[in-house]
Amino acid sequence: MAEKILVTGGAGYIGSHCVLELVEAGYVPVVIDNFHNAIRGADALPESLQRVQQIVSQPILFQELDITNEAALQELFRKHHFSAVMHFAGLKAVGESVQKPLEYYRVNLTGTIRLLETMKAHGVRNIVFSSSATVYGDPKYLPLDENHPVGGCTNPYGKSKYFIEEMIRDLCNAEKDWNAVLLRYFNPIGAHESGMIGEDPQGIPNNLMPYVAQVAVGRREFLSVFGNDYKTEDGTGVRDYIHVVDLAKGHIAALKKLKENCGCKIYNLGTGTGYSVLQMVRAMEKASGREIKYQIVGRREGDVASCYADPALAERELGWKAAFGLDKMCEDLWRWQLQNPTGF
């Protein structure tokens with residue numbers, strides 16, 4: 001029997017790519033999502049998962065469910081026998097988290113507590129958690145390895161990821177039959193090479209590359225570049241960008257790690273290479289063959305000058321390494337944007 005994996009928030013950008021990789025790796029994903037950041041398709045399925053079904057030519061099990069709803073979670077766990085959980089569900093916009101801290105703590109923290117309690121009640125002790133490089137705060141040194149201090153987060157979103165990491169760590173310390181892999185993502189971009197699934201931000205994109213792609217396709221007039229006076233090569237912020245398919249493959253490697261009764265493990269998922277905002281703009285111009293207009297504006301509160309990973313531990317212990325470079329990231333993002341100019 002193929003193993004069933006519960007995927008929370010599996011209709012979103014990263015979740016849907018992970019669902020696809022799970023199917024291709026021989027697992028049976030069961031997806032829950034509350035449509036906070038997903039578009040409804042036909043048959044009560046999110047549009048993203050309908051397209052995953054088309055790519056893999058098999059049905060995807062889905063239930064509309066909010067992870068803060070304990071009764072619904074209990075019912076779900078009674079219905080299915082899960083061998084592990086991949087936990088993506090949560091609110092994720094840095095700026096919005098500063099405006100609505102209580103909402104972020106309620107959904108991200110309470111939702112995770114409900115999930116962990118339900119897992120415990122049903123004897124499911126394996127979890128892969130979608131964390132973030134924001135837990136590192138302002139880098140004390142670069143590249144960032146997993147030993148870098150955490151917790152000096154600059155916004156409630158980052159703090160919520162840090163608090164969840166701490167909860168899971170404490171749980172694994174207290175109960176030795178729990179296994180967890182906490183994956184600290186750097187900046188996922190790109191899309192599946194079919195162009196059928198990709199990032200579809202609702203409203204104004206919070207992240208650089210969806211915004212750049214929307215300028216290239218004509219949906220937005222120009223890009224605002226927040227600050228050009230950082231201590232970087234061209235004065236603009238430097239980040240580590242990772243192809244979303246590489247990221248998804250990292251989750252499959254993490255699932256295999258759980259099988260080793262690994263306790264609580266933490267890994268960076270990044271490429272180890274930093275690119276500036278203007279380098280990203282030029283790479284997207286190359287991929288799209290279009291000019292991307294931009295203007296320099298003031299720095300954005302909470303932004304750091306440079307942030308990129310040391311991904312060596314993931315390579316050593318998970319046998320995982322990012323395979324795709326910047327050109328491939330931009331080509332796949334552009335194919336998605338061109339085929340879906342207004343998103344799903």
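Since this is a predicted model, take the numbers as computed values, not measurements. (Residues numbered from 1 in each chain as written. Predicted model: local features only at pLDDT ≥ 70, side-chain atom pairs only at ≥ 80, totals over all residues. Heavy atoms only, no water.)

1. Some thoughts on the layout of surface pockets
Unoccupied space between atoms shows up once a probe the size of one water molecule is rolled over them.
Line of reasoning, step 1. Taken as a whole, the second largest pocket spans an internal volume of roughly 210 Å³.
Line of reasoning, step 2. Along the walls of the second largest pocket sit 13 residues, with Asp-145, Glu-146, Asn-147, Ile-266 and Leu-313 positioned nearest its centre.
Line of reasoning, step 3. Contributions of two or more residues to the lining of the second largest pocket are made by strand S10 (264–269) and helix H10 (312–318).
Line of reasoning, step 4. No other element matches the 4 residues that H10 contributes to the lining of the second largest pocket. (1 Å grid on protein atoms, 1.4 Å probe; cavity = no way out; pocket = protein on both sides within 12 Å on 5 of 7 lines; lining within 4 Å. Points joined across faces, edges and corners; volume = space filled by probe spheres on them. Helix = DSSP H or I, 4+ residues; strand = E, 2+ residues; numbered from the N terminus.)

2. Some points on unusual backbone geometry
Line of reasoning, step 1. The omega torsion of the bond from Leu-142 to Pro-143 falls at -5°, within 30 degrees of zero and hence cis.
Line of reasoning, step 2. Located in the positive-phi region is Ser-57, a residue other than glycine, with phi close to 55°.
Line of reasoning, step 3. In this fold, Ser-57 is placed in the loop between helix H2 (47–56) and strand S3 (61–64).
Line of reasoning, step 4. The phi dihedral of Asn-261 is positive, around 50°, even though this residue is not glycine.
Line of reasoning, step 5. Structurally, Asn-261 is set in the loop between helix H8 (244–258) and S10.

3. Some thoughts on the packing of aromatic side chains
Line of reasoning, step 1. If you walk through the whole model with that rule in mind, you get 5 aromatic pairs.
Line of reasoning, step 2. Pairing Tyr-105 with Phe-163 gives two aromatic rings, centres 6.0 Å apart and planes at 40°, and the pair type is tilted. Pair noted here: Tyr-105 is in helix H5 (residues 101–121) and Phe-163 is in helix H6 (residues 156–174), with a separation of 58 residues, a long-range link.
Line of reasoning, step 3. You can call Tyr-105 partly exposed: its relative accessible area is 23%.
Line of reasoning, step 4. The partly exposed category is assigned to Phe-163, whose relative accessible area is 34%.
Line of reasoning, step 5. Among the aromatic residues, those joined into a cluster by ring pairs are Tyr-105, Tyr-162 and Phe-163.
Line of reasoning, step 6. A cation sits over an aromatic face here: Arg-40 above Phe-35, 3.9 Å from the ring centre.
Line of reasoning, step 7. Lys-328 extends its terminal NZ or CZ atom over the ring of Phe-324, reaching a point 5.2 Å from the ring centre. (Phe/Tyr/Trp six-rings, centres within 6.5 Å; stacked < 30°, edge-to-face > 60°. Buried < 20%, exposed > 50% of the residue type's maximum accessible area, 1.4 Å probe, protein only. Lys NZ or Arg CZ within 6 Å of the ring centre and 35° of its normal.)

4. Focus: the pairing of strand S2 (residues 28–33)
Both faces of the sheet carry side chains from a regular strand, because those side chains alternate between them.
Line of reasoning, step 1. Within S2, 5 of the 6 residues are buried, leaving the element largely enclosed by the surrounding structure.
Line of reasoning, step 2. Bridge count between strand S1 (residues 4–8) and S2: 5 bridges; the pairing is parallel. Each bridged residue has a counterpart across the sheet, and for Thr-8 the counterpart in S2 is Ile-32.
Line of reasoning, step 3. Read as a crossover between parallel neighbours, the route from S1 over helix H1 (residues 13–24) to S2 is right-handed.
Line of reasoning, step 4. Bridge count between S2 and S3: 4 bridges; the pairing is parallel. Paired with Asp-33 across the two strands is Glu-64, which belongs to S3. (Pairing = 2+ DSSP bridges. Right-handed = clockwise from strand over helix to strand, strands pointing away.)

Shape descriptors only; they carry no functional weight alone.
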